[in-house]
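# Understanding the architecture of this molecule
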Amino acid sequence: MSAPAVSFEFFPPRDLEASFRLWDTVQVLAPLEPRFVSVTYGAGGTTRELTRDAVATLHKSSGLKVAAHLTCVDASREETLGIAQDFAKAGVSDIVALRGDPPKGADRFVPHAEGFADSCELISALKQSGDFTVRVGAYPDKHPEAADEQADIDWLKRKLDAGADEALTQFFFEAETFLRFRDRCAAAGITAPIVPGILPIENWKGVRNFAKRCGTPVPAWLEDAFDKAIRDEREDLLATALCAEMCDTLVGEGVDALHFYTLNRPELTRDVCFALGVTPKARLENVA
């Protein structure tokens, strides 16, 4: 069984210390030769400029293929496509196109008066305006705003029909969650690649709270396992073992690519990759 291809998600730094953390994260994970790395927007598009700067810097200095997140929140069509063209001019042709979360203080997404109504409109415009590779989000567990699980499948199909090339899923805690979702997608006639999104658990309490906000179910057995691991000061060991086991199960079921949400903390992601056989590639200039 061959090692999977990997990709990594970062978030843009807000200050000098965070900039150093991002660069350290890139230095740790770049030797694993990811097929791309992505840079997020904050909720409500709050880090739009920071994302643009981080994408340009990473593309120029890291040698990695960089994918920029782009959302529909609080911007006109012209402004949004202008940002996309800025990415293209900087040599970045990969975009993760998302509707985006509502701005702070809003309880639901409301399109800008002159903006895109949803991610499908954004995807279509991106594919028409330039030579972009477009990735989109997918939800193995029901999205909080979806009527039911089938609605998530229908939306994903619409996004792919609009021109998206690949889907990256929201994180989940059990391999079976993704495998069942993959089966439902296949039954719906979806043939585009669907890459599982993996969140190594650096901080259990933080991840648990984030999962509840996202509508991602937290299994009772996982709650119990981390309660005991924290008590015994073995949280990191448990997190590495569980994540590696889940990823190994996915690879054993034919998954050939994984997308890691690193939270700009690379060590656990690196250790899981090592466990899966994804190891640093020796560069020619480093070979005696």
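Residues numbered from 1 in each chain as written. Predicted model: local features only at pLDDT ≥ 70, side-chain atom pairs only at ≥ 80, totals over all residues. Heavy atoms only, no water.

### Thoughts on the overall build of the protein chain
Scanning the protein chain for helices and strands turns up 10 helices and 8 strands. For the protein chain, the C-alpha radius of gyration of 19 Å lies close to 19 Å, the compact-globule estimate for 288 residues. Based on the C-alpha atoms only, the size of the protein chain along its principal axes is roughly 55 × 50 × 40 Å. The burial tally for the protein chain puts 48% of its 288 residues in the buried class. Once local pairs closer than 6 in sequence are excluded, the contacts in the protein chain between residues at least 24 apart make up 80%. Counting only carbon and sulfur atoms, one obtains 49% of the accessible surface of the protein chain, whose full area is about 14,300 Å². Of note, the protein chain has its 32 positive side-chain charges centred 1 Å away from the centre of its 45 negative side-chain charges. (Helix = DSSP H or I, 4+ residues; strand = E, 2+ residues; numbered from the N terminus. Rg over C-alpha atoms; globule rule 2.2 N^0.38 Å. Buried < 20%, exposed > 50% of the residue type's maximum accessible area, 1.4 Å probe, protein only. Contact = heavy atoms within 4.5 Å. Areas by Shrake-Rupley, 256 points an atom, 1.4 Å probe, with all protein chains shown as cover. Lys, Arg positive; Asp, Glu negative; His and termini not counted. Charge placed at Lys NZ, Arg CZ, Asp CG, Glu CD.)

### Side note on the environment of glycine 189
Looking at where glycine 189 falls in the secondary structure, it is placed in the loop between α6 (175–187) and β7 (194–198). For glycine 189, a relative accessible area of 47% puts it in the partly exposed group. For glycine 189 and phenylalanine 20, which are 169 residues apart along the polypeptide, the C-alpha to C-alpha distance reads 44 Å.

### Here's the deal with the sheet that holds strand β5 (residues 133–138)
Pairing in this closed barrel of 8 strands is parallel, and the strands run β1-β2-β3-β4-β5-β6-β7-β8 around the ring. Direction aside, the axes of adjacent strands within the sheet are offset by 30° on average. Strand direction decides the pairing type here: strand β3 (residues 66–71) and strand β4 (residues 94–98), joined by 5 bridges, are parallel. The residue bridging alanine 67 from the neighbouring strand is aspartate 94, located in β4. (Pairing = 2+ DSSP bridges. Axes fitted to C-alpha atoms, helices over the stretch in contact; angles between N-to-C directions.)

### Some remarks on helix α5 (residues 149–161)
Over its 13 residues, α5 runs 19 Å from end to end, which matches the ideal 18 Å to within 8%, given 1.5 Å per residue. Three or more residues of α5 are buried, namely Ala151, Asp152, Ile153, Leu156, Lys159 and Leu160. Contact partners of the buried residues in α5: α4 (119–129), β5, β6 (166–171), α6 and β7. The backbone nitrogen of glutamine 150 lies 3.2 Å from a side-chain oxygen of the residue at the head of α5, namely aspartate 148. Following α5 by one or two positions, glycine 163 adopts a phi angle in the positive range, close to 125°. (Expected span 1.5 Å × (residues − 1). Polar contact = N/O pair within 3.5 Å; in protein donor to acceptor, adjacent residues only side chain to side chain.)

### Some remarks on α6
Over its 13 residues, α6 runs 19 Å from end to end, which matches the ideal 18 Å to within 8%, given 1.5 Å per residue. Along α6, the residues classified as buried are Ala175, Thr177, Phe178, Leu179, Phe181 and Cys185. Against β5, α5, β6, β7 and α9 (235–252) lie the buried residues of α6. At the C-terminal side of α6, glycine 189 shows a positive phi close to 85°.

### Some remarks on the pattern of salt bridges
Overall, the coordinates contain 12 salt bridges when judged by the stated rule. Of the charged contacts, one joins aspartate 94 and arginine 135 as a salt bridge, the two residues approaching to 2.8 Å between their closest N and O atoms. In this pair, aspartate 94 sits in strand β4 while arginine 135 sits in strand β5, placing the two residues 41 residues apart along the sequence. Neither residue differs from the other here; aspartate 94 and arginine 135 are each classed as buried. By sharing partners, the salt bridges in this structure join Arg35, Asp94, Arg135 and Glu166 into a single network. (Salt bridge = Lys/Arg side-chain N within 4 Å of Asp/Glu carboxyl O.)

### Brief notes about the side chain of glutamate 166
Along the chain, glutamate 166 turns up in strand β6. At 2.8 Å, the side chain of glutamate 166 and the side chain of arginine 35 are in polar contact. Sequence-distant contacts of glutamate 166, that is, excluding residues within four places in its chain, are made with Arg35, Phe36, Val134, Arg135, Val136, Leu160, Pro193 and Val195.

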